There are 2 protein chains.
Amino acid sequence: MARPASTPGRSGAVTRADVARHAGVSDAVVSWVVNGGPKTVSEATAARVQDAVAKLGYRPNSTARALALGSTTMLGLVVPDSTNPFYAEYAVAVQRAAAARGYALLTISAGSDAAVELRGVLDLCDRQIDGLILARGTGAGVVGELARRGVRTPVVLVDSAAPHPGHLTIGPDATAGIEAVTDHLLTVHDHASVALVIGDTTDVELDGRQSGWLRAHARNRRSPGAVERAPFTRTGGYEAGLRLLTAAKRPTAVVTGSDLQAVGVLRAAREQGLDVPGDLAVASFDGTEEASFTWPSLTTSRQPVEAMAEAAVAAVLARDLPYEHRTFATELVLARSCGCGTG
Amino acid sequence: MARPASTPGRSGAVTRADVARHAGVSDAVVSWVVNGGPKTVSEATAARVQDAVAKLGYRPNSTARALALGSTTMLGLVVPDSTNPFYAEYAVAVQRAAAARGYALLTISAGSDAAVELRGVLDLCDRQIDGLILARGTGAGVVGELARRGVRTPVVLVDSAAPHPGHLTIGPDATAGIEAVTDHLLTVHDHASVALVIGDTTDVELDGRQSGWLRAHARNRRSPGAVERAPFTRTGGYEAGLRLLTAAKRPTAVVTGSDLQAVGVLRAAREQGLDVPGDLAVASFDGTEEASFTWPSLTTSRQPVEAMAEAAVAAVLARDLPYEHRTFATELVLARSCGCGTG
C-alpha cells in the first residue's frame, strides 16, 4: 500500500481517483466537492477532500466539468482590430471583468475579411462559450448569420452607435461626446466651423458622431465644415487630413471619429508645415493613452471603457438579456491640440 | 413520421440524433464522420452524413469532442500588456497562426501583479489547452510554478532574450539589432556616444539589447553613454528621457529598448525644447506601426513578429519540443528621428 499519493495518471497529472484514495472517499464525492454539487457532502468530508486536493496539487479536468455543467466558463470577444489601442484597452477591460467572475476570454481580431470573421465567430460558438461580445462593425452582419444558423449563444453588441433589433447594445453617448468637443472648438476657440473625419464603413444615419457634430454647428448657428470619410486607422486619418488640408478652403479646426485618425491628421498637418493648434486645432474621440503622448497632446472625448466592458460582461452572463440600447457618457479631456493648456 | 428534421434538442440546436435520423444511420456513425474516427465508415455513408450535416445546419458539441479527442484545439497566450502595440501586434499574429491550424486562442494580458498572472495561467492550463505561449517577463517565474504543480501543458517562451533551461525559447536577435542601430548612430551620424533607455525588470546579464549597445561602442572604440532603466511604457520612456536630458552631460543620441519608450523620449525632448534629430537623435527597438506615425518618425530595429509568432505556434503544437533558443534577425528601418530621410 506504499503507492505514492501523486502517482501520475494517463496524462502524468494527479487524478480524481488519487484524491479519492487519499481522502478515503469515492470518486463521486471528490467531484461533488470540486464542482460544488450536484449532491452536498458533510463539512468534515469536504474539508478532507479539499485537504487532499491541496496536498496532491490536484487540478480538475475542466473539459469534463464543462460537459457536466453545460458551461465552459468562457466568453468570446470579437473586435475589428485589436492593434487599435482603443480596442486593445477594451479587450483588456473585458478580460478583467470576465476574470473577476471566473471566466476566460477567447478573443478574435477580425480584420477586414468578413468570411474569415464569420468562420471565427462560428468557431467560438461551437466551443460552447457562455456568451459572445461583438463590437460594432463586426456585429450587425454576424448576428444575422448566427440567427440563421440556429446558434443560441447569448450576444451583446458593444461599441454600438444605435439600437439593434433583438439585441442588447452598449456604446458611448457619441452624439453628446462629439457635440461637446465640437461646441468647445466653436465657442471657446471661436472657429467659424469644424471639419469632421469620420469612418467610411458606418451607416451615416446611425453614426451618432456625425449627428453630434451637426448639432453643435446648428446650436451655434454655423454652417458645418467639410466631411472626410476614412478607415478608423492612422493611415486613414492621415489621408483624410491631407485631403482636408490641401483643399481650396482649408479648415482651421477638425474633429475626428477616433484617436488613431487624429494621430494621422497630426502627421498630415506637420507635413503641410502647419502648426497645431496655431494653424489647425485638432480634437478626437476615444481618449486612449496614445492620444496623451502625441505632440501636442490631443483634446478628446474619452470613452468610459472600464464601465462599458463591465456592463457588457455582466449583461452577457445574465439569463434574460433585455433588448435595449445603453449609452455611457464620455468625458471631455482638454489638452493642447485644441488650444487649451500646455504639453 | 412527419417530425421536422430540424426539431430542436434541449439547447434549441440541431442534435447528432437529428442528423442520424435524417441520414438513416446510428448516432455513433455520425460521431465517427464528424470527428474523423475512431472507426471509419464507407464513402457513401460519410457523404450521406455530411449531406445531412449541411442540410440541417448541425454544429457538433466541441466540448464533448474535446473530451473524446483529448484536445481542446485551444492555445493560450500570456503577454505582459496587450495594450503595448508590440504585444498587440504579436497577439494578432499568434491568433492568425493558430486559426490557420484550427486553433482558437485564449489570451491573458498579465499586468504587473504576479499572483493574478499565475492564477490566470493556471486557469488556462486547467482548461486543457494544447499549448501555452508565454512572453518574457512573464515566462521565467511562471514556468517554475507550473513544473512544481505538475502541469504538463507544452510551453514555448517567446520574446525571449536568452535560453531558459528545459524550454524552447524564441526571440529577436536583440543583440545584433541594437548593435546595428547604435552603430548607425555612431558611424553614419558621428555621435561620440549613445545613451540607452532599457527595461527595469529584465536581468541585465541576459538582456541582449544592453550587450548589443555595449558592443557597438566597443567596436567603434567609444565610451558608452549613460544608461537609464524604466518600464517598457510611454511614461517609463518619458521619465527616463527627462532624467537623461536634464543631466549635466546631455546626450546627443539615445536608443531605447522599445518603441513605447522612444515615444516617451520624444515627448521629453519636446518639453525640453529640443529638436529631434537636430539636438537629439532617437532610435528604438520593435518597429510597430505607432513608431512610423510619431513626429519625426522613428528609426528602429524592426522585429519579425509574423515569423516569430508562426514559429511559436508551430513549435508548441509539435510533440517533441527541443530545448533550444531560436533567434530571428531584426531589420534596421531608417527614418527621420536619427537624421536620415524625411518625415
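- As annotated in an unreviewed UniProt entry, chain A is Transcriptional regulator, LacI family from Microlunatus sagamiharensis.

1. Structural notes on the packing of helix α10 (residues 234-245) of chain B against helix α11 (residues 259-271) of chain B
All names here are of chain B.
Turning to step 1, where the next piece is worked out: Contact pair α10 / α11: the axes reach a minimum separation of 6 Å and the direction vectors enclose 45°. With respect to α11, the element α10 is oriented oblique. Like other packed secondary-structure pairs, α10 and α11 cross with a definite hand, here right-handed. Residues Arg-234, Gly-237, Tyr-238, Gly-241, Leu-242 and Leu-245 of α10 pack against Leu-260, Gln-261, Val-263, Gly-264, Val-265, Arg-267, Ala-268, Ala-269 and Glu-271 of α11.
Turning to step 2, where the next piece is worked out: Within the contact of α10 with α11, the residues separate by chemical class into eight nonpolar, four polar and three charged.

2. Section: the environment of Leu185(A)
Residue and element names in this part refer to chain A.
Turning to step 1, where the next piece is worked out: As for its placement among the helices and strands, Leu-185 is situated in helix α8 (residues 174-187).
Turning to step 2, where the next piece is worked out: Separated by 84 residues in sequence, Leu-185 and Arg-101 have C-alpha atoms that sit 42 Å apart.
Turning to step 3, where the next piece is worked out: In contact with Leu-185, not counting residues within four places along its chain, are Asp-190, His-191, Val-194, Ala-253, Val-254, Ala-281, Ala-283 and Cys-338.

3. Focus on the side chain of Thr107(B)
Turning to step 1, where the next piece is worked out: Relative to the helices and strands, Thr107(B) resides in strand β2 (residues 104-109).
Turning to step 2, where the next piece is worked out: Apart from the residues within four sequence positions on either side, Thr107(B) is in contact with Gln95(A), Leu105(A) and Leu77(B).

4. Describing helix α3 (residues 43-56) of chain B
All names here are of chain B.
Turning to step 1, where the next piece is worked out: Helix length check: α3 (14 residues) gives 20 Å between terminal C-alpha atoms against 20 Å at 1.5 Å per residue, within 8%.
Turning to step 2, where the next piece is worked out: Among the residues of α3, Thr-45, Ala-46, Val-49, Ala-52 and Leu-56 are the ones counted as buried. With its buried residues spanning 125° around the axis, α3 presents them on a single face. Exposed positions of α3 whose direction lies more than 90 degrees from the buried face are Glu-43, Ala-44, Ala-54 and Lys-55.

5. Focus: the side chain of Ser337(B)
Residue and element names in this part refer to chain B.
Turning to step 1, where the next piece is worked out: One can find Ser-337 in the segment after β12 (331-333).
Turning to step 2, where the next piece is worked out: Of the polar contacts made by the side chain of Ser-337, one reaches the backbone oxygen of Val-282; its length is 2.5 Å.
Turning to step 3, where the next piece is worked out: Beyond its immediate sequence surroundings of up to four residues, Ser-337 is in contact with Val-276, Pro-277, Leu-280, Ala-281, Val-282, Pro-296, Ser-297, Leu-298 and Thr-299.

6. Focus: the state of the cysteines
Among covalent bonds in proteins, the disulfide is the one between the sulfur atoms of two cysteines.
Residues and elements named next belong to chain A.
Turning to step 1, where the next piece is worked out: In total, this model carries zero disulfides over all chains according to the counting rule given.
Turning to step 2, where the next piece is worked out: Left unpaired, Cys-340 is separated from the closest cysteine sulfur, that of Cys-338, by 3.6 Å.
Turning to step 3, where the next piece is worked out: Look at Cys-340 and you get buried, because its relative accessible area is 16%.

7. Points about the environment of Ser160(A)
All names here are of chain A.
Turning to step 1, where the next piece is worked out: Take Ser-160: it is sitting in the loop between β4 (155-158) and β5 (168-172).
Turning to step 2, where the next piece is worked out: What makes Ser-160 buried here is its relative accessible area of 6%.
Turning to step 3, where the next piece is worked out: Here the alpha-carbon distance between Ser-160 and Gly-150, two residues ten residues apart in the chain, equals 23 Å.
Turning to step 4, where the next piece is worked out: At 3.4 Å, the side chain of Ser-160 and the backbone oxygen of Leu-157 are in polar contact.

8. A word on the pairing of strand β6 (residues 195-198) of chain B
Residue and element names in this part refer to chain B.
Turning to step 1, where the next piece is worked out: Both faces of β6 are covered, namely the face carrying Ala-195 and Val-197 and the face carrying Leu-196 and Ile-198.
Turning to step 2, where the next piece is worked out: Here β6 pairs with strand β8 (residues 253-256) via three bridges, running parallel. Bridging across to β8, Val-197 finds its partner in Thr-256.
Turning to step 3, where the next piece is worked out: Looking at chain direction, β6 and strand β7 (residues 227-229) are connected through three bridges and run parallel. What sits directly across from Val-197, in β7, is Glu-228.

9. Quick word on the sheet that holds β6(B)
Residues and elements named next belong to chain B.
Turning to step 1, where the next piece is worked out: One open sheet accounts for six strands, arranged β7-β6-β8-β9-β10-β12; its pairing is mixed. If you trace the sheet from one side to the other, it starts and ends with β7 and β12, each paired once. This sheet shows a mean twist of 15° between the axes of neighbouring strands, independent of strand direction.
Turning to step 2, where the next piece is worked out: When strand β10 (residues 299-302) meets β12, the two strands line up antiparallel, connected through three bridges. Considered in β12, the bridge of Thr-300 is made with Val-333.
Turning to step 3, where the next piece is worked out: Contacting β6, β7 and β8, α10 runs over the sheet at an angle of about 150° to β7.
Turning to step 4, where the next piece is worked out: Contacts from α11 reach β6, β8, β9 (281-286) and β10 within the one sheet, and its direction differs from that of β9 by about 160°.

10. A look at the packing of aromatic side chains
Residues and elements named next belong to chain B.
Turning to step 1, where the next piece is worked out: Scanning all chains against the criterion turns up four aromatic pairs over all chains.
Turning to step 2, where the next piece is worked out: Ring plane angle 80° and centroid distance 5.7 Å describe the contact between Phe-86 and Tyr-90, whose orientation is recorded as edge-to-face. Of the two residues, Phe-86 and Tyr-90 both sit in helix α5 (residues 85-99), four residues apart, roughly one turn of that helix. The two residues Phe-86 and Tyr-90 agree in class, both being buried.

11. A short note on the confidence of the model for chain A
Residues and elements named next belong to chain A.
Turning to step 1, where the next piece is worked out: Of all residues in chain A, 88% attain a pLDDT of 70 or more, and the chain-wide mean is 87.
Turning to step 2, where the next piece is worked out: Within the model, the stretch residues 1-11 combines pLDDT values under 50 with ten contacts to residues more than four positions away or in other chains.
Turning to step 3, where the next piece is worked out: Among the scores for the predicted complex, ipTM is 0.81 and pTM is 0.83.

What counts as what
- Residues numbered from 1 in each chain as written.
- Chains lettered and ligands numbered in written order.
- Predicted model: local features only at pLDDT ≥ 70, side-chain atom pairs only at ≥ 80, totals over all residues.
- Heavy atoms only, no water.
- Axes fitted to C-alpha atoms, helices over the stretch in contact; angles between N-to-C directions.
- Helix = DSSP H or I, 4+ residues; strand = E, 2+ residues; numbered from the N terminus.
- Parallel < 35°, antiparallel > 145°, perpendicular 65-115°, else oblique.
- Left-handed = near helix turned anticlockwise from the far one by under 90°.
- Contact = heavy atoms within 4.5 Å.
- Nonpolar A, V, L, I, M, F, W, Y, C, P; charged D, E, K, R; others polar.
- Expected span 1.5 Å × (residues − 1).
- Buried < 20%, exposed > 50% of the residue type's maximum accessible area, 1.4 Å probe, protein only.
- Arc of directions from axis to C-beta.
- Polar contact = N/O pair within 3.5 Å; in protein donor to acceptor, adjacent residues only side chain to side chain.
- Disulfide = S-S within 2.5 Å.
- Pairing = 2+ DSSP bridges.
- Phe/Tyr/Trp six-rings, centres within 6.5 Å; stacked < 30°, edge-to-face > 60°.
- pLDDT = per-residue confidence, 0-100.

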